[in-house]
Amino acid sequence: MQRKEGEEEEENEEAEEKEEGTSFSIFAPLSPLRLNYKVAEMMKRSSRPPSLPSSSFGRLLMDASADRTPRTVPRGIHSVVPAFLLLALTSLVCLLVYLVSGPIEFSPRPAAGGLLGKFGIEMKENASGLSFESFGPDHEDARIRSVFRRAATKDKTVILTTLSEAWAVPGSVFELFLESFHNGVNTHKLLDHLVVIALDSNAFARCLSIHIHCLPLVTEGIDFSGGEKFFMSHDYLKMMWRRIDFLRSVLVMGYNFVFTIEEASYQKATCSRQLGMLASTTWKLPNQKDADILWLRNPFPRFYLNADFQIACDHFLGSSLDFENRPNGGFAYVRSNNRTIAFYEFWYSSRELYPEHHDQDVLNYIKYDSFIAEIGLRIRFLNTAFFGGLCEPSKDFNKVCTMHANCCVGLSSKLHDMRIMLEDWRKFMSLPPREKRLQLSSWRVPQNCSLPSE
């Protein structure tokens, strides 16, 4: 009796060993009719308790399962077959997609600013097929709205700058302008809201290769692709007034904007409240209006909350409300409302009262006009402590937001001094926090830039 019980135990152990050694593999050859049966068997086995009672019913189940043991897979095939099946499945999916949709073409997306190469940005061809010549005055509002919808902040604010062929070449002022956003404090993200207004076909193509928001501004009857237009020439004046009208349309669409450009002329201005206008001496220089401002810190926290029209200065006299401050149209922040729309319409129409005058000159003439007070336009002048330039540099590196290459004659001089400014800023940014607070840093400019003699 004892031997019989011992034999039964041995038989149970052998059956359990067989059961443990039995495994189901998807790679074992199975007929379609037996597949569902095998899956059901697996589910039964996985839900069965670890051990069965030593009974005739338990032995019957184990004997039945032992008789249906599937064939095992040769060693090593588990690592080869999955990779083969994955490759076959991927190829099948790609083939199906190709047959359904045809060949897939990918168009490279322009990168968001920065110097080519330095920030890992390669020159891209104009994959969209757009050309400057294909744009005209028709549907211009629709184009503007399309670009601005993508570029604007949540409160519908965009940053605008202009670009012409003369400034679009590699290593130009425009690339220094873009590079400053990468080196500034909380400025890199502002590139997402920068819209570059291209004045000619070469500038437009260049913009598409290095930036994501490019807008062609076509001026009927004027071709700016032949190089720089001399300041105060007929074509130049027409383009500048075209720009004022364009900014008016931006305000009408409900967008606020920061307009950051280069002012081609240096103006030594004096005010006369008795005469009700600003007399100015202007040196006319053969330069275009383009971006020659370095963005070193996010300027938006430094804007006045209760102002409609805010403008930078060549020289700041101490009060943001003082109309005797010497403004520079190279940097302005304008909010969209009825007052600013009326102001820009008045500014644009005033070109007829002052023919052959630059838009900056006309602004200086009309800012004392009674119409400004009637519409209630709130004008503030920006402190050079935050919005400095070569005319009056910002002294505290911990406060400066922008540095303007104003009061500078000649493109090569401007490029040289802007590079020095950027080097000085990088050096400051590399300092430990404690040394930054000591305010020992200073600008090494102007160097090559100089003011015309009177």
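None of these values were measured; they are calculated from a predicted model. (Residues numbered from 1 in each chain as written. Predicted model: local features only at pLDDT ≥ 70, side-chain atom pairs only at ≥ 80, totals over all residues. Heavy atoms only, no water.)

1. Let's talk about the state of the cysteines
Okay, so step 1: Here the structure, examined in full by the defined rule, presents 3 disulfides.
Okay, so step 2: Disulfide pairing is shown between Cys 207 and Cys 214; the S-S distance is 2.0 Å. One quick way to see it: the torsion about the S-S bond of Cys 207 and Cys 214 is about -90 degrees, and its sign makes the bridge left-handed.
Okay, so step 3: The exposure class assigned to Cys 207 is buried, which follows from its relative accessible area of 0%.
Okay, so step 4: Cys 391 shares a disulfide with Cys 407; S-S distance 1.4 Å. Torsion about the S-S bond of the Cys 391 and Cys 407 cystine: about 90 degrees, corresponding to right-handed handedness. Of this pair, Cys 391 sits in the loop between β11 (387-389) and β12 (402-404) while Cys 407 is found in the loop between β12 and α12 (411-429), placing the two residues 16 residues apart along the sequence. (Disulfide = S-S within 2.5 Å. Buried < 20%, exposed > 50% of the residue type's maximum accessible area, 1.4 Å probe, protein only. Helix = DSSP H or I, 4+ residues; strand = E, 2+ residues; numbered from the N terminus.)

2. Concerning the confidence of the model for the protein
Interpretation of the predicted coordinates at a detailed level should be avoided for regions scoring low in pLDDT.
Okay, so step 1: In this model, the protein carries a mean pLDDT of 74, and residues with pLDDT of at least 70 account for 60%.
Okay, so step 2: Of all helices and strands in the protein, the one with the weakest mean pLDDT is strand β5 (residues 266-272) (35), whereas helix α9 (residues 338-349) scores best (97).
Okay, so step 3: In this model residues 16-40 is a low-confidence stretch, pLDDT under 50, and it forms 27 contacts with partners more than four residues away in sequence or in other chains.
Okay, so step 4: For the stretch residues 263-289, pLDDT sits under 50, and the model shows 93 contacts to residues farther than four places along the chain or on other chains. (pLDDT = per-residue confidence, 0-100. Contact = heavy atoms within 4.5 Å.)

3. Overview of the pairing of strand β1 (residues 157-163)
Okay, so step 1: Burial analysis of β1 places 7 of its 7 residues in the buried class, which makes it a mostly covered element.
Okay, so step 2: Residues Thr 157, Ile 159, Thr 161 and Leu 163 point to one face of β1 and Val 158, Leu 160 and Thr 162 to the other, with burial holding for every one of them.
Okay, so step 3: Bridge count between β1 and strand β4 (residues 256-260): 4 bridges; the pairing is parallel. What sits directly across from Thr 157, in β4, is Asn 256.
Okay, so step 4: Relative to strand β2 (residues 194-198), β1 is paired through 5 bridges, and the arrangement is parallel. Bridge pairing in β2 links Thr 161 to Val 196. (Pairing = 2+ DSSP bridges.)

4. Here we look at helix α10 (residues 359-366)
Okay, so step 1: Where burial is concerned, most of α10 is hidden: 8 out of the 8 residues are buried.
Okay, so step 2: Buried within α10 are the following residues: Asp 359, Gln 360, Asp 361, Val 362, Leu 363, Asn 364, Tyr 365 and Ile 366.

5. Some details on the packing of aromatic side chains
When we look at a pair of aromatic rings, we describe it by the centre distance and by the angle of the planes.
Okay, so step 1: Summed over the entire model, instances satisfying the criterion amount to 27 aromatic pairs.
Okay, so step 2: Consider the rings of Phe 181 and Trp 295, whose centres lie 5.1 Å apart with planes at 20 degrees: the pair is stacked. Placement of Phe 181 in helix α6 (residues 173-183) and of Trp 295 in strand β7 (residues 293-295) is noted, with a sequence separation of 114 residues between them. Assigned by exposure class, Phe 181 and Trp 295 land together as buried.
Okay, so step 3: Relative to Trp 347, the ring of Tyr 344 lies with its centre 5.3 Å away and its plane at 50 degrees, an arrangement referred to as tilted. Residue Tyr 344 and its partner Trp 347 are located together in helix α9, separated by 3 residues, close to a single helical turn.
Okay, so step 4: Residue classification places Tyr 344 among the buried residues on the basis of a relative accessible area of 2%.
Okay, so step 5: Members of the aromatic cluster, joined through ring pairs, are Phe 174, Phe 177, Phe 181, Trp 295, Phe 300, Phe 303, Phe 331, Tyr 333 and Phe 387.
Okay, so step 6: Across the ring face of Tyr 255, the terminal group of Lys 156 is positioned such that the distance to the ring centre comes to 4.5 Å.
Okay, so step 7: In this arrangement the basic side chain of Lys 436 is found over the ring face of Phe 428, its NZ or CZ atom lying 5.6 Å from the centre. (Phe/Tyr/Trp six-rings, centres within 6.5 Å; stacked < 30°, edge-to-face > 60°. Lys NZ or Arg CZ within 6 Å of the ring centre and 35° of its normal.)

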